[in-house]
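Listed here are the chains, written in short residue letters.
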Amino acid sequence: MSHLKLFAATLKWHGIKLLEKQDIARRVFLHGQRYVSSGTSEPFLSGSNSNYVEEMYYAWLENPKSVHKSWDLFFRNANAGQAYDPHLPDQLERKASFLQSHGLAQTPGKAEKLVEDHLAVQSLIRAYQIRGHHVAQLDPLGILDADLDSFVPSDLITTIDKLGFYGLHESDLDKVFQLPTTTFIGGNENSLSLREIIKRLENTYCQHIGLEFMFINDVEQCQWIRQKFETPGVMKFTNEEKRTLLARLVRSMRGRLNVLANVIRKELEQIFCQFDPKLEAADEGSGDVKYHLGMYHERINRATNKKITLSLMANPSHLEAVDPVVQGKTKAEQFYRGDTAGKKVMSILLHGDAAFAGQGVVYETFHLSDLPSYTTNGTIHVVVNNQIGFTTDPRMARSSPYPTDVARVVNAPIFHVNADDPEAVMYVCSVAAEWRNTFNKDVVVDLVCYRRRGHNEMDEPMFTQPLMYKQIHKQVPVLKKYADKLIADGTVTLQEFEEEIAKYDRICEEAYTRSKDNKILHIKHWLDSPWPGFFNVDGEPKSMSCPPTGISEDLLTHIGNVASSVPVKDFKIHAGLSRILRARLEMTKNRVVDWALAEYMAFGSFLKEGIHVRLSGQDVERGTFSHRHHVLHDQEVDKRTCVPMNHLWEQQAPYTVCNSSLSEYGVLGFELGFAMASPNALVCWEAQFGDFHNTAQCIIDQFISSGQAKWVRHNGIVLLLPHGMEGMGPEHSSARPERFLQMSNDDSDAYPEFSEQFEVSQLYECNWIVVNCSTPANYFHVLRRQILLPFRKPLIILTPKSLLRHPEAKSSFDEMVSGTTFQRVIPENGLAAHAPHEVKRVIFCTGKVYYDLVKERKNQDLEKQVAITRLEQISPFPFDLLKEELEKYPGADLVWCQEEHKNSGYYDYVKPRFRTIVNHTRPIWYVGREPAAAAATGNKNTHLVSLRRFLDTAFNLEAFEGKTF
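Residues numbered from 1 in each chain as written. Predicted model: local features only at pLDDT ≥ 70, side-chain atom pairs only at ≥ 80, totals over all residues. Heavy atoms only, no water.

S.K.: Would you mind going over the overall build of the protein with me for this structure?
M.R.: In terms of helices and strands, the protein carries 34 helices and 29 strands. Burial analysis of the protein (965 residues in total) assigns 54% to the buried set. Considering only residue pairs separated by 6 or more positions, the protein has 78% of its internal contacts joining residues 24 or more positions apart. Split by element, the accessible area of the protein, about 43500 Å² in all, is 51% carbon and sulfur. (Helix = DSSP H or I, 4+ residues; strand = E, 2+ residues; numbered from the N terminus. Buried < 20%, exposed > 50% of the residue type's maximum accessible area, 1.4 Å probe, protein only. Contact = heavy atoms within 4.5 Å. Areas by Shrake-Rupley, 256 points an atom, 1.4 Å probe, with all protein chains shown as cover.)

S.K.: How do you make sense of the pattern of salt bridges when you look at a structure like this?
M.R.: A pair can form between side chains of opposite charge whenever their charged atoms are brought close. The final tally for this structure, using the stated rule, is 35 salt bridges. Here Glu212 and Arg408 are joined by a salt bridge, their closest N and O atoms 2.7 Å apart. With Glu212 in strand S3 (residues 209–212) and Arg408 in the loop between helix H16 (394–397) and strand S9 (414–418), the pair connects residues that are 196 residues apart, well separated along the chain. Classification of Arg408 as partly exposed rests on a relative accessible area of 35%. For the salt bridge of Arg824 with Asp880, the shortest nitrogen-to-oxygen distance reads 2.8 Å. You can see Arg824 sitting in the loop between strand S23 (811–812) and strand S24 (825–826) and its partner Asp880 sitting in helix H32 (residues 879–888), a full 56 residues away along the chain. The exposure class of Arg824 is buried, given its relative accessible area of 6%. (Salt bridge = Lys/Arg side-chain N within 4 Å of Asp/Glu carboxyl O.)

S.K.: Just to check I follow, could you spell out the sheet that holds strand S25 (residues 841–845) for this structure?
M.R.: Within a sheet, each strand pairs with its neighbour through backbone hydrogen bonds, oriented either parallel or antiparallel. Strands sit in the order S24-S26-S25-S28-S29 across an open sheet of 5 strands; the sheet is mixed. Where the open sheet ends on each side, the last strands, each with one partner, are S24 and strand S29 (924–929). Pairing of S25 with strand S28 (residues 893–901) involves 4 bridges; the strand directions are parallel. Bridge assignment links Val842 to a residue of S28, and that residue is Leu894. Packing against the sheet, helix H31 (residues 849–859) makes contact with S25, strand S26 (866–871) and S28, and its axis sits at approximately 170 degrees to S26. (Pairing = 2+ DSSP bridges. Axes fitted to C-alpha atoms, helices over the stretch in contact; angles between N-to-C directions.)

S.K.: In this structure, what is going on with the packing of aromatic side chains? I would like to understand it.
M.R.: For any pair of aromatic rings, geometry is given as the distance between the ring centres together with the angle between the planes. The tally for this structure, following the rule as stated, stands at 31 aromatic pairs. Each ring, one from Phe534 and one from Phe535, has its centre 5.0 Å from the other, and the planes form 75 degrees; the classification is edge-to-face. The exposure class of Phe534 is buried, given its relative accessible area of 7%. Consider the rings of Phe844 and Phe914, whose centres lie 4.8 Å apart with planes at 50 degrees: the pair is tilted. Here the residue Phe844 occupies a position in strand S25, and Phe914 occupies one in helix H33 (residues 907–917), the gap between them amounting to 70 residues. A residue is classified by how much of its surface remains accessible, and Phe914, at 2% relative accessible area, is buried. (Phe/Tyr/Trp six-rings, centres within 6.5 Å; stacked < 30°, edge-to-face > 60°.)

S.K.: When you look at the packing of helix H13 (residues 322–336) against helix H24 (residues 665–677) in this model, what are you seeing that I'm missing?
M.R.: Two measures define how a pair of helices packs: the angle their axes make with one another and the distance between the axes. At a minimum axis distance of 6 Å, the contact between H13 and H24 shows a crossing angle of 45 degrees. For the element pair H13 / H24, the angle class is oblique. The hand of the H13/H24 crossing is right-handed. Contact residues: H13 offers Pro324, Val325, Gln327, Gly328, Lys329, Lys331, Ala332, Glu333, Phe335 and Tyr336, while H24 offers Tyr665, Gly666, Gly669, Phe670, Leu672, Gly673, Phe674, Met676 and Ala677. Across the contact of H13 with H24, the residue classes break down as 11 nonpolar, 5 polar and 3 charged. (Parallel < 35°, antiparallel > 145°, perpendicular 65-115°, else oblique. Left-handed = near helix turned anticlockwise from the far one by under 90°. Nonpolar A, V, L, I, M, F, W, Y, C, P; charged D, E, K, R; others polar.)

S.K.: Please clarify how the packing of helix H10 (residues 239–252) against helix H17 (residues 422–439) should be interpreted in this entry.
M.R.: Axis separation between H10 and H17 bottoms out at 11 Å; the angle between their running directions is 100 degrees. Relative to H17, the element H10 lies roughly perpendicular. Taken together, the residues of H17 that come into contact with H10 (itself represented by Lys242, Leu245 and Leu249) are Pro422, Glu423 and Met426. Tallied by class, the residues present in the contact of H10 with H17 amount to 4 nonpolar, no polar and 2 charged.

S.K.: What am I meant to see in the nonpolar core here?
M.R.: Most often, soluble globular proteins keep nonpolar side chains buried together rather than apart. Residues Leu719 and Phe844 are the most contacted members of the largest nonpolar core, which totals 92 residues. Of all the elements, H24 adds the most residues to this core, at 9 residues. Not counting chain neighbours up to four residues away, the residues in contact with Phe844 comprise Thr869, Leu871, Leu882, Glu885, Leu886, Leu894, Val895, Trp896, Cys897, Phe914 and Ile924. Val631, Leu648, Ala653 and Leu720 belong to the second-largest nonpolar core, a separate cluster that totals 54 residues. (Core = buried A, V, L, I, M, F, W, Y, C linked by side-chain atoms within 4.5 Å.)

S.K.: Where do I start with the pairing of S26 in this structure?
M.R.: Successive side chains on a regular strand alternate, one facing one side of the sheet and the next facing the other. Counting buried positions along S26 yields 6 of 6 residues, so the element is predominantly enclosed. Side chains of S26 alternate between two faces, with Val866, Ile868 and Arg870 and Ala867, Thr869 and Leu871 buried alike. Bridge analysis of S24 against S26 gives 2 bridges, and the strand direction is antiparallel. Bridging from a neighbouring strand, Ile826 pairs with Arg870 of S26. Bridge analysis of S25 against S26 gives 5 bridges, and the strand direction is parallel. Residue pairing in the sheet places Ile843 in a bridge with Ile868 of S26. Chirality of the crossover, the property in question, places the unit of S25, H31 and S26 among those that are right-handed. (Right-handed = clockwise from strand over helix to strand, strands pointing away.)

S.K.: Looking at this structure, how should I read the sheet that holds strand S21 (residues 769–771)?
M.R.: Strand order in the open sheet formed by 7 strands is S18-S15-S19-S20-S22-S21-S27, and the pairing between neighbours is mixed. Looking at the sheet topology across the chains shown, the edges are occupied by strand S18 (655–659) and strand S27 (873–875). Ignoring which end each strand starts from, the neighbouring axes of this sheet average 20 degrees apart.

S.K.: Which parts of the structure should I look at to understand the environment of Asn315?
M.R.: Mapped onto the secondary structure, Asn315 falls in the loop between strand S6 (306–312) and H13. Each C-alpha atom of the pair Asn315 and Leu293 lies 6.8 Å from the other, and the pair is 22 residues apart in sequence. At 3.2 Å, the side chain of Asn315 forms a polar contact with the backbone oxygen of Met313. (Polar contact = N/O pair within 3.5 Å; in protein donor to acceptor, adjacent residues only side chain to side chain.)

S.K.: Help me understand the environment of His834, please; the structure alone is not making it clear to me.
M.R.: Here His834 is to be found in helix H30 (residues 831–834). A C-alpha to C-alpha distance of 8.5 Å links His834 and Lys864, two positions 30 residues apart in sequence.

S.K.: How do you make sense of the pairing of strand S19 (residues 681–686) when you look at a structure like this?
M.R.: A large share of S19 lies buried, amounting to 6 of its 6 residues. Of the two faces of S19, the one holding Ala681, Val683 and Trp685 and the one holding Leu682, Cys684 and Glu686 are both buried throughout. Two strands pair when backbone bridges link them, and strand S15 (residues 612–617) and S19 are joined in this way by 6 bridges, in the parallel orientation. Bridge assignment links Ser616 to a residue of S19, and that residue is Trp685. In the sheet, S19 pairs with strand S20 (residues 718–722) via 3 bridges, with the strands oriented parallel. Across the sheet, the residue bridging to Trp685 is Leu719, located in S20.

S.K.: Mind showing me how you'd approach the confidence of the model for the protein here?
M.R.: In low-pLDDT regions, the fine details of the predicted coordinates are not to be read closely. Scored by pLDDT, the protein comes out at a mean of 87, with 86% of its residues at no less than 70. In the predicted structure, residues 82–86 sits below a pLDDT of 50 and forms 8 contacts with residues beyond four places in sequence or in another chain. Of the regions scoring below 50 in pLDDT, residues 101–106 engages in 6 contacts with residues more than four places distant in sequence or in other chains. (pLDDT = per-residue confidence, 0-100.)

S.K.: Please explain unusual backbone geometry as it appears in this structure.
M.R.: Excluding glycine, residues mostly carry a negative phi; peptide bonds, for their part, are mostly trans. Cis rather than trans, the peptide bond between Ser875 and Pro876 has omega equal to 0 degrees. Along the chain, Pro876 turns up in the loop between S27 and H32. The phi dihedral of Asn305 falls on the positive side, at around 60 degrees, and the residue is not glycine. Within the secondary structure layout, Asn305 lies in the loop between strand S5 (295–301) and S6. One non-glycine residue, Val712, lies in positive phi territory at about 55 degrees. Turning to its location among the elements, Val712 is positioned in the loop between helix H26 (707–711) and S20.

S.K.: What am I meant to see in a positive patch on the surface here?
M.R.: Side chains of Arg248, Arg265, Arg302, Lys503 and Arg506 sit close together on the surface and give a patch of like positive charge. The class of Lys503 is partly exposed, set by a relative accessible area of 40%. (Patch = residues over 30% accessible without salt bridge, like charges linked within 9 Å, V, L, I, M, F, W, Y side chains within 5 Å. Lys, Arg positive; Asp, Glu negative; His and termini not counted. Charge placed at Lys NZ, Arg CZ, Asp CG, Glu CD.)

S.K.: What exactly am I supposed to notice about the side chain of Gln465 here?
M.R.: Take Gln465: it is sitting in the loop between strand S10 (443–448) and helix H18 (466–474). Dropping the residues within four chain positions of it, Gln465 is found in contact with Ile388, Thr391, Thr392 and Asp393.

S.K.: How should the state of the cysteines be read in this particular structure?
M.R.: Among covalent bonds in proteins, the disulfide is the one between the sulfur atoms of two cysteines. Going through the model one piece at a time under the given rule, you end up with 0 disulfides. In this structure Cys897 is not part of a disulfide, and its nearest cysteine sulfur, from Cys845, lies 6.8 Å away. (Disulfide = S-S within 2.5 Å.)

Rendered as structure tokens:
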């Protein structure tokens, strides 16, 4: 083997790039060639002897103490590039004598063979570490390969083949080889025979555990994993541990309800009563199937005698959709407990193999794992790999060899394990937990198992997987396998095993009997996130009222002053930002706010009250439209930042504002989970543009819209969705308000009964709140109301773009001071309102189009004939306030005007509700853009033409004469 091949093989073993070491190696040889041994005609460090020196050199690189001190001195001098040392020739002479006396340098051929054999053994060890999982016995059924490639490495097939691949022979099997420092198979021994090396590698890497970790680029982490699995005797269990494991297997054989029953310890009678078809539901809402429900439980950890709280998240059939929700809740629990290192709270995600490989939210969630404002300091992922997705074979379900390959993107180690080996499963899981605790990184446990029956109780799997299920029907269940093993080795007796089964049967029977006494199902007993004390005061339900949302003028002024400053010394900001801050200060002096300052004041007021505020999304720190600037950046010191919001008061709640990864599905799920942990926080997610929420539609549909109905789960998350037609193209215009309105649960045909607390009662009964504010003050108030309400509902805010800097879109302090409140409807307050019987038309609208209408009305001098009323809260529909408006203008035409196309926006939602108010006696005419497939035009001229057209219609007082409805 040439020097270059030896170098390449050795360097590959050590993970060292060849080019990085060539210069050092060249210096070694250049120095060495000056020194000639007295007993040979060739330089001591050239020719075949140089191969042995290469081996010594790389052993020295790993550990200088592993070589003789004379070699250590030589390599130190060579590495340092030192000049000729007159003492070195004598040292090398002694070295040559030493080698010959030990039979290690008898002939050039033998020396080269010795080095080559050592390198071959090292490469063989590394091959097992890298590729051993390909030949591990992972499938309990014994019919599928470990991965889809059916790849069996040629260097790991049989002993003879692997020996030949590395230039070794059967005669080498009993030779003793020194082990490299990158393996722990020797235990306390530094060298082993080749036969024993192969045996121990086979036991570690090719049995019931398959390890994927050598792609990790951290040497310490790789060494840690090697030590945990390679060290002889590590996977030993005491007889007591084995007996406990057998007892747990007895309890877990009930299958899909195992997590609820045995991990979370849900009372069995509560589980059994779910199966009673005659059970009545006591809670409002739809409820959900038993397999989707969550659970919250406190129990004692028997090993530590400490209390542990377990929360199983309720989740829909959309499989991996719950992943980011769990992570968000975990982050919140860590935040509220001050657990910055993840030592008090952690998450475990349970996946299916087909879903883990097939659903993109898994990838999005992984990529949140190490981001500063999203990390949960490591998650344990358990993949229940039953080798089938409903009826779909893995070869039709994924392109990657393993379902777990997505985890490689974050350098997470992947531990495959044959689930029919309970002891291997237990050991792998304990190592996974220790990994997470040691490195605070994600880890994946791939439980390779099988599905004994169909996808559900009614399914027939033989339709589609006949061969697999023929084998499954022959398969001895894991409980019997393990029991037989323990009985055979004397750990338990057959009688003890049968008594354990009978004991648990009695527990189940007694629980089933008790479950028959339950006549009513309380979904609230299955809450995964209870908020103790929130819904009651002194044991009594909270009053269904909402206090005024305004704050004192002193508070407004103080927040405005801080928002206009840089509260950190020697902090250099951008010149353009200086102008923005000066403008904020001027507004504060003039008692005026724009959109960004109103938001600042709402957030800041909560911080003073001890309410945590979290704002997350793409580019939210500055704001997509460069209006927010909640994080200031030093222009002279890289990565030095300042968040003025956290400098409002000495004692205040923290403010978290964080740019997210380019993800909507994963990030919105995360923020939903964060909001779930506590009602005493304002958690906002902002889409970069409103319509970008469509890639998070699953979270919106399955959790936000229907979460309370299905799982009695309140949530106060706020969605900020920039919305407005500015001729900027279909992808940056509409937040699709019609979708949220279509999923609102208020009845368009039911005329409500009005009461003193109608506003709050209506909010309590709705599934979410949809608003489109037209003033900064109303935006301020709706954010404040979100926390001051005695309950929590999701809030959808259609936020503006052009109104962020619109000169007319400003509010006075007078609209925000103590005693003021959110206006669900802003009625006409101009000339038309002073003589309502003379008004010929009332235009109802929402959001930005109001400013276009006001401008056009003034241009046409119709301020007395046309009244314009704004709906600020669209859902739940403000029946009471709009009834007053309609009665105020009895002789006027009623027009709904929107800038959105007719088949989108609000018209289909508001029309039947207006007709319900007037009992179908007056028409509500539509004015706006014609129906269209795209949300908006990307041509500025087309946009302006269509705007001109519907504005002309809106103020044409003869437009609807003679038309019927």
